[in-house]
Amino acid sequence: MRPFKYSVTSNVNSATKMLTANPNAKFLAGGTNILDLMKEDVERPDELVDITQLSLTLIKPITEGMNKGGVSIGGLGKNTGTANHPLIRQSFPLLTQAILAGASAQIRNMATNGGNLNQRTRCPYFYEVSMPCNKREPGTGCGALEGINRMHAVFGWSENCVAVHPSDMCVALAALDAVVKVQGANGQIRSVPFADYHRLPGDTPQKDNNLNQGELITSIEIPKNNFAPKSYYLKVRDRASYAFALVSVAAAIEMNANQIIQARVAMGGVAHKPWRAFEAEKFLAGKEATEANFRQAAEIEMKQAKPLEHNKFKIELGTRAIVLALTKAMNGGKAS
Amino acid sequence: MSEPKKAIGQSINRVDGLLKVTGAATYATDYKLKNTAHAIIFKSTIAAGKITGIDTSEAEKAPGVLAVITHKNAPKLNEKGGIRGGAFLQSNIIEFHGQHIGMVVAETFEQARYATRLVKVSYEKAEPKVDFEKHQKEAVLPKNNMDAVRGDVETAFRDAEYKIEAVYETPIEHHHPMETHSTIAFWEGDKVTLYNGSQIVNGAQGAAASTLGIKPENVRIVTPFIGGGFGSKGGQWANLVLAAVAAKAVNRPVKLALTRQQMFNSVGLRQRNHQKMRLAATKDGKLTVLAHETTTHCAINNEFVEPCGDCSKVMYEVPNSLISYKVVPMNIILPTYTRGPGKSTGSFALESAMDELAYQLKMDPIEFRLKNEPAKDPSNGKPWSSRTTVQCLQEGAKAFGWEKRKIEPRQNKQGEYLIGYGVACGTYPARQQNSSAIVKLIRKGTEVKATIELAASDLGTGSNTIIAQTASDALGLPINKITVKIGDSDLPPAAGSVGSVGAASFSNAVNDACIKITDELIAKSGKQFFVRPTAATMMLTEKLTEFETRVDAKAPADAGNYSSHSFNANFAEVWVNSMTGMVKVPRFLAVTGAGKILNPKTARSQIIGGNVWGIGMALTEESVLDPRWGNFVTRSLAEYHVPSNLDIGTIETIFIDEKDTIPNKLGVKGIGEVGIVGVAAAVANAIFNATGKRVRDLPITPDKLL
Ligand SMILES: Cc1cc2nc3c(=O)[nH]c(=O)nc-3n(C[C@H](O)[C@H](O)[C@H](O)COP(=O)(O)OP(=O)(O)OC[C@H]3O[C@@H](n4cnc5c(N)ncnc54)[C@H](O)[C@@H]3O)c2cc1C
Ligand code: SF4
């Protein structure tokens, strides 16, 4: 990797100041993504600011503000600890399932929640510096658009980039309407609704999200909800563990007798950001929880999809995955 | 007095197990030599054409850099010296994407790697041939013609009532041993020592010497432990000699390790095979036609063809048979031996086709196979030294609960899962190759110890252990009194751990040496014995302090008059998620007849290792090329999917008790390769039984089952 300066701080303000002062600096959290990318010469920061000593690791109930009754998870909390925390297991089992569906136990032990949000795409052309890639080097073209794009997007892509966001955790957070708390160099904290946090590629595929240089994810807030009894995270992948999603679905349902009060459906492996299936959700509100309704909701959502040469299967797979995830959510989220 | 318990046949723990689990085993790059520098290779970013310019000035100035070596300043190497795929850095010609074009030598690994990014290369690109779909029609008969014809396939196939014709595709796969190919080289005058994982110690020595243009005795290969190879460390690749070149250039020991990404285009691969099968049978299930036609690719100027038709030659009695090959040179790295070469891929086609025809006949696939069991080797008419296919199938069927299987698919459902059973057979030739061995006995007081020396190798399979077991029995010494020295070209020459010849060759050589030393001790004593004493006893009674001997062992003279193979039958149970297409293999059984099993514990490990890889071959493993540029888009183990723990359920192994001393005196047939043969077909056949869907192109990923 290229030579770089290593800095470390245990103070949030100084961390954000260091990054604002040096536009070529990056935060180092668990390092499971940034270090790999540096070894491959994809990320080339000249300074890494180690933020692992910041005391932003707690998971706690939110006692005031608009997400009162919800749970706040620290930006530097580990994925494993977050997944297994009793507050998360009880109130948001969907998040537990999603995190545990990702990566491997060793990686989850290192990976942080903030790092998970900001992990970069797994597009192989992004990783191979001799290949064209607008995300890595704007203006060079998109290697995947007419290349091997089996793993790529079917929703919201542009000619400039067809990559997908690789996270599982984020798919659950999208379904749960989480809020990302970020702090900038001015010390101010702003709240970004999860749906607005990650971006579609448009003509700036180099930008994965709406974080500004120097801003740090301090925590992620999950508002209180009634989905815990009926939620499920389904991940379809090429092997049973340790593979990125072909398609994943986070499904959550709130019922009143036979009627769906509200359903949440978010998808992974299909877009440049965790994809909220708003059309499916709209259709399901007020309907009965039948397989026919699930199927219709899925078809309505997938109708908007535009597959690429090698990922046409994601239309049928996405449809089935939505139906299956909703069905399992209705059964109390138990995996069979 | 009861017979002392034999070591051979016991599930003895690996003699080097403790070293391995404590990290004390020295793999190639674990040697600590003073003043070691680090070399990193850099690679072409085009698949065909020429280098027109290479600017190393910035790299040379980078911190810690000692030398940058390219075709412009590399010493002349003998390209035909036996290094697989060539030695490289000899010209500006590029024949595949990721070809080695230079290396940086620096004080640290990181400095070397960084400096490789500073090298600027310009190219004149040619149109690369990397799209197999497009170029397979240009395939021609290989120079090494392996075709075999018997009877009249065309007429018999035309007239047959029950027949299938289908094409089976297997993708490019990679070996990916845990230990990436790595070498430490250091020179002392004219002599170079190379620490390097080598499946064939003497082969590595010869290839390095001839490529570097020095005498074999001036090359020493040291390889006591190998972190897996699966064929990719059988022939040696350029890293072996480039480390020596780098060490000479900087006049220091140099460590050269490939990165995982570089493994995709540095050390060969299993090439893509397009296998066209035609099978025909009579109504009562007698095979009348078996035609197996393989089309594949090789390197631009270097031919290698996997013998995919090998199983088809020997598995079944059939009057009309055709085995043929066609190959097209392409701008892809040279393919090479990969576990079960030809047999694992070929058996996928053959054993899937057998399953398809059995289904057409509405016949149980085991019964169909039993009806076509050959009395002698159909390819050459030689008698079998032994053949266990029938026992493997019958004992396996019983142990697996095969009678519960329904011939019609989609009969067994559980929730959203469809459950199916599949069976497939496999085979691999058994051979003993020439090996020499020295046995040394030392007595101190009443304690006798032995040292066994030969240039064998241990891939992680357990060679060290079975050698110690053999010597223990043949000398009459407990196993802890035996020291095994292998993996060094200074030792007596031996066969390699390749082609399933290792165990048979090493154990027989050691056994012969131990018999010989006992004979010599008896002769030396001048005494007559009613009961033959052991070598250990002779050392004690004759009060000798040291004694040694050497043998040059060969296969029995008449071994070639017989056809000798290991055989197996594989049984798979699959659960296919009918909604998502994901497949689970909760249960797998491999029944193997492989002659004398020297150590059931290490043997089982080898079989289940082969089974796991075979399941990976069936379900997950594939290296994908971008047909525009010839680069692999699967570029790490995150994308090249080997099965994870969660993918593998219970694997059971059964060994058939078999005594066959025709191929060699100890009756060892070898198990390294056969464990993967037939596995992919068993899984694919089970998927058909579960779903009614016949997938003929591997791997069977979820999208293919929607
Ligand atoms: C082989 C492999 C398989 C994987 N499989 C999966 C999978 O199946 N599913 C899945 O979801 N993930 C998977 N992952 C990805 C893994 O989840 C991420 O690498 C991990 O979550 C990143 O967290 P980290 O703390 O290590 O981030 P780092 O690598 O330290 O940082 C990643 C990025 O986030 C930035 N960053 C970190 N923390 C903050 C913060 N608090 N504020 C602002 N910016 C920050 C860093 O500057 C950097 O740009 C896999 C990873 C690997 C290596
Ligand atoms: S899809 Fe995006 S990340 Fe991949 S090559 Fe295209 S621009 Fe780069």
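### Some points on the overall build of chain B
And then number 1: Tallying secondary structure elements over chain B gives 16 helices and 25 strands in all.
And then number 2: The C-alpha atoms of chain B give a radius of gyration of 27 Å, which matches the 27 Å a tight globule of 706 residues would have.
And then number 3: For chain B, the spread of C-alpha atoms along the three principal axes comes to 80 × 70 × 50 Å.
And then number 4: For chain B, with 706 residues in total, the buried portion stands at 63%.
And then number 5: Long-range pairs, those at least 24 residues apart, make up 81% of the contacts in chain B with a sequence separation of at least 6.

### Remarks on the interface of chain A and chain B
Bring the parts together and some accessible area is lost; that lost area is often taken as the interface size.
And then number 1: Contacts between the two partners involve 36 residues from chain A, matched on the other side by 36 residues from chain B.
And then number 2: Carbon and sulfur atoms supply 59% of the area that chain A and chain B bury against each other, a total of about 3200 Å² over both sides.
And then number 3: Viewed at the interface, chain B and chain A are joined by five salt bridges.
And then number 4: When contributions to the side of chain A that touches chain B are tallied by element, the ones reaching two or more residues are helix 8 (124-127), strand 9 (231-237) and helix 13 (313-330) of chain A.
And then number 5: Broken down by element, the side of chain A that touches chain B gets its largest block of residues, seven residues, from helix 13 of chain A.
And then number 6: In terms of residue class, the side of chain A that touches chain B is built from 17 nonpolar, five polar and 14 charged.

### What to know about the site of ligand 1
All names here are of chain A.
And then number 1: Taken together, 33 residues surround ligand 1, and among them Phe27, Gly31, Thr32, Thr112 and Asp168 come closest.
And then number 2: Isoleucine 34 is positioned such that a nitrogen or oxygen atom in its backbone is 2.8 Å from an oxygen atom of ligand 1.
And then number 3: Threonine 112 places a side-chain nitrogen or oxygen 2.7 Å from an oxygen atom of ligand 1.
And then number 4: Look at ligand 1: alone it shows 980 Å² of surface, and the protein chains cover 95% of it.
And then number 5: Contributing elements (two or more residues each) for the shell around ligand 1: helix 2 (34-39), helix 7 (113-118) and strand 8 (216-222).
And then number 6: Here the shell around ligand 1 is built from residues that sort into 15 nonpolar, 13 polar and five charged.

### Comments concerning unusual backbone geometry
And then number 1: Of the consecutive residues leucine 698 of chain B and proline 699 of chain B, the connecting peptide bond is found in the cis state with omega at -5°.
And then number 2: If you trace the backbone, proline 699 of chain B turns up in the segment after helix 16 (679-691).
And then number 3: A positive phi is found at alanine 257 of chain A, a non-glycine position, where the angle reads about 50°.
And then number 4: With respect to the element layout, alanine 257 of chain A can be found in the loop between strand 10 (245-256) and strand 11 (259-268).
And then number 5: At lysine 543 of chain B, a position not held by glycine, the phi torsion is positive, near 55°.
And then number 6: Looking at the element boundaries, lysine 543 of chain B is found in the loop between helix 14 (535-541) and strand 22 (546-553).

### Here's the deal with the domain arrangement of chain B
All names here are of chain B.
And then number 1: Each domain of chain B was delimited in the assignment, giving domain 1 (17-25 + 432-554), domain 2 (31-127 + 178-228 + 233-265) and domain 3 (273-431 + 560-705).
And then number 2: Computed from C-alpha atoms alone, the centre-to-centre distance between domain 1 and domain 2 is 36 Å.
And then number 3: The interface of domain 1 with domain 2 comprises 20 residues on the first partner and 17 residues on the second.
And then number 4: Roughly 1300 Å² is buried in total at the junction of domain 1 and domain 2, and carbon and sulfur atoms are behind 54% of that figure.
And then number 5: Interface area lost by domain 1 to domain 2 is led by Leu459, Gly487 and Ser489, which between them contribute 36%.

### As for the pairing of strand 12 (residues 254-257) of chain B
All names here are of chain B.
And then number 1: Direction of pairing for strand 1 (residues 37-43) relative to strand 12: parallel, over a ladder of three bridges. Looking at strand 12, one finds that alanine 39 is bridged to leucine 256.
And then number 2: The sheet contact formed by strand 9 (residues 182-188) and strand 12 spans four bridges and is antiparallel. Within strand 12, the residue paired with isoleucine 184 across the bridge is lysine 255.

### Some details on the site of ligand 2
And then number 1: The local shell around ligand 2 holds 16 residues, among which Cys123, Cys133, Cys142, Cys161 and Val162 of chain A are the closest.
And then number 2: Here the shell around ligand 2 is composed, by residue class, of 10 nonpolar, five polar and one charged.

### Comments concerning the side chain of threonine 36 of chain B
Residue and element names in this part refer to chain B.
And then number 1: With respect to the secondary-structure elements, threonine 36 resides in the loop between helix 1 (17-21) and strand 1.
And then number 2: A relative accessible area of 16% places threonine 36 in the buried class.
And then number 3: In terms of polar contacts, threonine 36 uses its side chain to reach the backbone carbonyl oxygen of leucine 33, at 2.6 Å.
And then number 4: If near-sequence neighbours (up to four positions away) are discounted, threonine 36 is found in contact with Glu107, Arg252, Pro253, Val254 and Lys255.

### With respect to the nonpolar core
Residues and elements named next belong to chain B.
And then number 1: Grouped together as the largest cluster of nonpolar side chains are 78 residues, with contacts concentrated most on Phe571 and Phe588.
And then number 2: Among the elements that line this core, the one with the most residues is helix 16, at nine residues.
And then number 3: Setting aside anything within four residues of it in sequence, one finds phenylalanine 588 in contact with Asn570, Phe571, Ala572, Asn611, Ile615, Thr650, Ile651, Glu652, Val679, Ala682 and Val683.
And then number 4: Counting 61 residues, the second-largest nonpolar core is a separate cluster that includes Ala37, Ala47, Ile83 and Ala299.

### Let's talk about helix 6 (residues 201-212) of chain B
All names here are of chain B.
And then number 1: Counted at 1.5 Å a residue, the expected span for helix 6 with its 12 residues is 16 Å, and the 17 Å between its end C-alpha atoms agrees.
And then number 2: Burial of helix 6 is extensive: nine of the 12 residues sit out of reach of the surface.
And then number 3: Taken as a whole, helix 6 has its buried residues at Val201, Asn202, Ala204, Gln205, Ala207, Ala208, Ala209, Thr211 and Leu212.
And then number 4: Where helix 6 ends, the next residue or the one after it, glycine 213, has phi of about 75°, a positive value.

### With respect to the pattern of salt bridges
And then number 1: Tallying each qualifying case throughout the model produces 55 salt bridges over all chains.
And then number 2: Notably, a salt bridge pairs aspartate 41 of chain A with arginine 117 of chain B, separated by 3.7 Å at the nearest N-O pair. Of the two residues, aspartate 41 of chain A sits in the loop between helix 2 and strand 3 (47-50) while arginine 117 of chain B sits in the loop between helix 3 (109-116) and strand 6 (120-125), which places them in two different chains.
And then number 3: A salt bridge links glutamate 43 of chain A to arginine 120 of chain A; the shortest N-O distance between them is 3.6 Å. Here arginine 120 of chain A lies in the loop between helix 7 and helix 8 and glutamate 43 of chain A lies in the loop between helix 2 and strand 3, a separation of 77 residues in the sequence. By the burial criterion, glutamate 43 of chain A is buried, and arginine 120 of chain A matches it.

### What about the sheet that holds strand 12 (residues 275-276) of chain A?
Residues and elements named next belong to chain A.
And then number 1: Reading across the sheet, the four strands line up as 9-10-11-12 and stay open at both edges, with antiparallel pairing between neighbours. Of all strands in the sheet, those with a lone pairing partner are strand 9 and strand 12, marking the two edges.
And then number 2: In this sheet, strand 12 lies alongside strand 11 in antiparallel orientation, the contact comprising two bridges. Its bridge partner lying in strand 12, methionine 267 is registered against tryptophan 275.
And then number 3: Strand contacts of helix 13: strand 9, strand 10 and strand 11, with the helix running at about 35° to strand 10, the strand carrying the most contacts.

What counts and how
Residues numbered from 1 in each chain as written. Chains lettered and ligands numbered in written order. Predicted model: local features only at pLDDT ≥ 70, side-chain atom pairs only at ≥ 80, totals over all residues. Heavy atoms only, no water. Helix = DSSP H or I, 4+ residues; strand = E, 2+ residues; numbered from the N terminus. Rg over C-alpha atoms; globule rule 2.2 N^0.38 Å. Buried < 20%, exposed > 50% of the residue type's maximum accessible area, 1.4 Å probe, protein only. Contact = heavy atoms within 4.5 Å. Buried area = accessible area lost by both parts, 1.4 Å probe. Salt bridge = Lys/Arg side-chain N within 4 Å of Asp/Glu carboxyl O. Nonpolar A, V, L, I, M, F, W, Y, C, P; charged D, E, K, R; others polar. Near = heavy atom within 4 Å. Polar contact = N/O pair within 3.5 Å; in protein donor to acceptor, adjacent residues only side chain to side chain. Areas by Shrake-Rupley, 256 points an atom, 1.4 Å probe, with all protein chains shown as cover. Domains from an automatic or database assignment. Pairing = 2+ DSSP bridges. Core = buried A, V, L, I, M, F, W, Y, C linked by side-chain atoms within 4.5 Å. Expected span 1.5 Å × (residues − 1). Axes fitted to C-alpha atoms, helices over the stretch in contact; angles between N-to-C directions.

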